[in-house]
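Results of the structural survey
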Amino acid sequence: MSETGSTELELADWRTKIDAIDEQIVKLISERAAAATAIGEIKHRSGLAVYEPQREQNVFDHVKRVNPGPLPDQEMQHIYERLIDVMRSLQKKR
Ligand SMILES: C=C(O[C@@H]1C=C(C(=O)O)C=C[C@H]1O)C(=O)O
């Protein structure tokens, strides 16, 4: 096989792997969103604030503690900052 052909096959293999990983990530994000929605209902029912900065800090600390790499903790936190931002908006939307 030509080198271009084998490079394309190699890329296609890794991209198939990434697509499969993305399916799992999307399912897990959706599960997280359902849990955040349930928490949002409890907060509204109890008159509690949606935004809980201390809890968010605990989530960042936990995520960094379990981060296996290769992403640096700071990059993982950036991803979580965006994720939590979306979860907060979801709780506010009702
Ligand atoms: C989901 C919650 O609500 C908000 C969103 C959080 C999250 O997505 O992890 C954490 C704290 C809150 O600001 C919660 O209080 O647990």
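Just so it is clear, the model here is predicted, and its values are computed rather than measured. Sequence order sets the numbering: in each chain, residues are counted from 1 along the sequence as written. Per-residue local features of the predicted model are confined to residues with pLDDT of at least 70, and side-chain atom pairs are confined, for both listing and counting, to 80 or more; whole-chain, interface and lining totals are unaffected and use all residues. Derived side-chain values reflect all non-hydrogen atoms in the structure, with water molecules and hydrogen atoms excluded from consideration.

**Some remarks on the overall build of the chain**
The way it works is that DSSP assigns letters per residue, a run of H or I at least four long becomes a helix, a run of E at least two long becomes a strand, and they are numbered from the N terminus. When helices and strands are counted, the chain shows three helices and zero strands. Radius of gyration: over C-alpha atoms. The globule rule applied is 2.2 Å multiplied by the number of residues raised to the 0.38 power. In terms of overall size, the chain is more extended than a compact globule, its C-alpha atoms giving a radius of gyration of 19 Å where 94 residues would be expected to give roughly 12 Å. Each of the three principal axes of the chain carries a C-alpha extent, and together these read 65 × 25 × 15 Å. Evaluated residue by residue, the chain yields a buried proportion of 19% over its 94 residues. We call two residues contacting when some pair of their heavy atoms lies within 4.5 Å. Here the analysis covers contacts within the chain between residues at least 6 apart in sequence; of these, 62% occur between residues at least 24 apart. Exposure categories follow from relative accessible area, calculated using a 1.4 Å probe and restricted to protein chains: below 20% of the type maximum is buried, above 50% is exposed, and the middle band is partly exposed.

**Quick look at unusual backbone geometry**
A cis amide bond links Gly 69 with the next residue in sequence, Pro 70, at an omega value of 10°. Structurally, Pro 70 can be placed in the loop between α2 (53-66) and α3 (73-92).

**Section: the nonpolar core**
Working definition of a nonpolar core: buried Ala, Val, Leu, Ile, Met, Phe, Trp, Tyr and Cys residues. They are joined through side-chain atoms within 4.5 Å. Within the largest apolar cluster, five residues are counted, these being Val 59, Phe 60, Val 63, Met 76 and Ile 84. Of all the secondary structure elements, the ones that give two or more residues to this core are α2 and α3.

**A few points about the UniProt feature "domain: Chorismate mutase" (unreviewed entry) in the chain**
UniProt positions are given in the numbering used here, feature names are shortened, and annotations may be inferred rather than shown by experiment. Look at the UniProt record and you will see "domain: Chorismate mutase" (unreviewed entry) annotated at residues 5-94. Span residues 5-94 is 84% helix and 0% strand, its end C-alpha atoms 52 Å apart.

**Brief notes about the packing of α2 against α3**
Between α2 and α3, whose axes approach to 10 Å, the crossing angle comes to 140°. Between α2 and α3, the angle is such that the two are oblique. When you trace α2 past α3, the crossing you get is right-handed. On the side of α2, the interface is formed by Glu 56, Val 59, Phe 60, Val 63 and Lys 64, while α3 contributes Asp 73, Met 76, Gln 77, Tyr 80, Glu 81, Ile 84 and Arg 88. Residue polarity follows a fixed list, in which Ala, Val, Leu, Ile, Met, Phe, Trp, Tyr, Cys and Pro are nonpolar, Asp, Glu, Lys and Arg are charged, and the others, Gly among them, are polar. For the contact of α2 with α3, the class distribution of residues is six nonpolar, one polar and five charged. Whenever a helix is involved, its axis is fitted only over the stretch in contact; in every case the axis is a line through C-alpha atoms, and angles between N-to-C directions fall within 0 to 180 degrees. Orientation is classified from the angle alone, with under 35 degrees giving roughly parallel, over 145 giving roughly antiparallel, 65 to 115 giving roughly perpendicular, and any other angle giving oblique. Take the far helix as the reference: if the near one is turned anticlockwise from it by less than a right angle, the crossing is left-handed, and if turned clockwise, right-handed.

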